[in-house]
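Residue-level structural notes
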Amino acid sequence: MSFGDIKGQERSTQIIKGYLQSSAFRGAYLFIGEEGIGKYLVARTLAKAINCLNRQDDSCDSCASCLKIEKRGHPDIHYIELTDSDNIKIEAIRSIKKDISLKPYEAKSKVFIINDAHNLTAEAAGALLKILEEPPKNNLIILVSSKPALLFKTIISRCKIIRFYPLKRSELKQMLKKDYSLDDNLAHFLAYFSEGRIGAALKLKDADILKEKNRIIDEFTIPNAAYQRSYASGSRSYTKTDTTFGISGKSLESSLTQNKENVRNCLNILASWFRDMYLVKIGISHSELINLDRKMDLLRIINRYTMFNLDDTLKSISDSLLYLEQNVNIKLLLSSLKAGLWRG
């Protein structure tokens, strides 16, 4: 994959290609922007481009260097990523310190990509800072982060910053329809639910996301609605084998409790539903709804909720997302939330 194949980040990749053309890439760079918009993909493509045997400002994807890097088999390209831990520990940075002092085996420049760099422990961040103070020549360090505020300011000050931005939601919708042949309803939901983050949208595009998100909305907001309705369109014909959010069996809150990420997705779906109600009540165009496929259902029940109710409901969902990160009983959390969301 070359820079031209990366959708939605033309502005950032043009800046990078300018650096490449002037041979100005050295030292450390910090790629920042929301999660799921292509920062890590661009970092990997830069590793290819800077070592490409055929091109100066991009990867050719055909030379021996590009092919090795694409397969993650190049000896001079190093990846530091989260594995089983929630943090990047000092041992990973010590490995960089050891490797960075050695000459490249075959690359023009060694590249070290630290993904989710905000997860560095304090000890790891301190060790990295020492490396950044005097980075050896022929080495490039790329930090990738969606939460740069969690990084040491001294680390940020030693990096050149390249910012990445999500697409406009309407642009992403059209891209999903044109480039990925998605129908209008699915493209709209993915573009608006992902808030223009193409990586987040593509992660969900092959799942039966519309059916599953509608199942979540029905069970958590309409008493006794789930499992009793069968719609001619089939979009809400529920089964016991839905898997996008780990959903199976008769009770959503029972089947979600084993995986925090599934619960987090469920809560974000619910937040999108009540956010839509809020927008309708304040007069925002219906085209801005995330759940546009459920517009008529939303309009039928919107009068059950006052603005105060919606404020309180959105706060409850937000609080639930915070509690989820703590040691709470997830089943009890979801049951309590459902009881508070059901209205008449």
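Before going into details, it helps to say that this report is about the structure given with it. Since this is a predicted model, take the numbers as computed values, not measurements. (Residues numbered from 1 in each chain as written. Predicted model: local features only at pLDDT ≥ 70, side-chain atom pairs only at ≥ 80, totals over all residues. Heavy atoms only, no water.)

**Observations regarding the pairing of strand E4 (residues 139-145)**
So the rule is basically this: Under the scheme applied here, a residue whose accessible area is under 20% of the maximum for its type counts as buried, over 50% as exposed, and between as partly exposed, the area being computed with a 1.4 Å probe on protein chains only. Comment: elements are numbered from the N terminus, with helices defined as DSSP H or I runs of at least four residues and strands as E runs of at least two. Criterion used throughout: strands pair if DSSP finds at least two bridges between them. By convention, orient the strands away from the viewer: a clockwise path from the first strand over the helix to the second makes the crossover right-handed.
Counting buried residues along E4, seven of its seven residues qualify, which places the element largely inside the surrounding structure. The alternating pattern of E4 places Asn139, Ile141, Leu143 and Ser145 and Leu140, Ile142 and Val144 on opposite faces, both of which are buried. Direction of pairing for strand E1 (residues 27-32) relative to E4: parallel, over a ladder of six bridges. Considered in E4, the bridge of Gly27 is made with Leu140. The sheet contact formed by strand E3 (residues 110-114) and E4 spans five bridges and is parallel. By the bridge assignment, Lys110 is partnered in E4 with Asn139. Viewed along the sheet, the connection from E3 through helix H5 (residues 122-133) into E4 turns out right-handed.

**A closer look at empty space enclosed by the protein**
We count it as follows: With a 1 Å grid laid over protein atoms only, a set of points is called a cavity when a 1.4 Å probe fits there but cannot get out and a pocket when it is open yet has protein on both sides within 12 Å along at least five of seven lines; lining residues have an atom within 4 Å of a point. Grid points are joined across faces, edges and corners, and a volume is the space filled by probe spheres set on the points. For this classification, the nonpolar set comprises Ala, Val, Leu, Ile, Met, Phe, Trp, Tyr, Cys and Pro, the charged set comprises Asp, Glu, Lys and Arg, and every other residue, Gly included, is treated as polar.
If you walk through the whole model with that rule in mind, you get one cavity of 30 Å³ or more. The calculated volume of the largest cavity comes to roughly 30 Å³. Around the largest cavity sit Lys7, Gly8, Gln9, Ile37, Tyr165, Pro166, Leu167, Gly196, Arg197 and Ile198, which together line it. Counted by class, the lining of the largest cavity contains five nonpolar, three polar and two charged residues.

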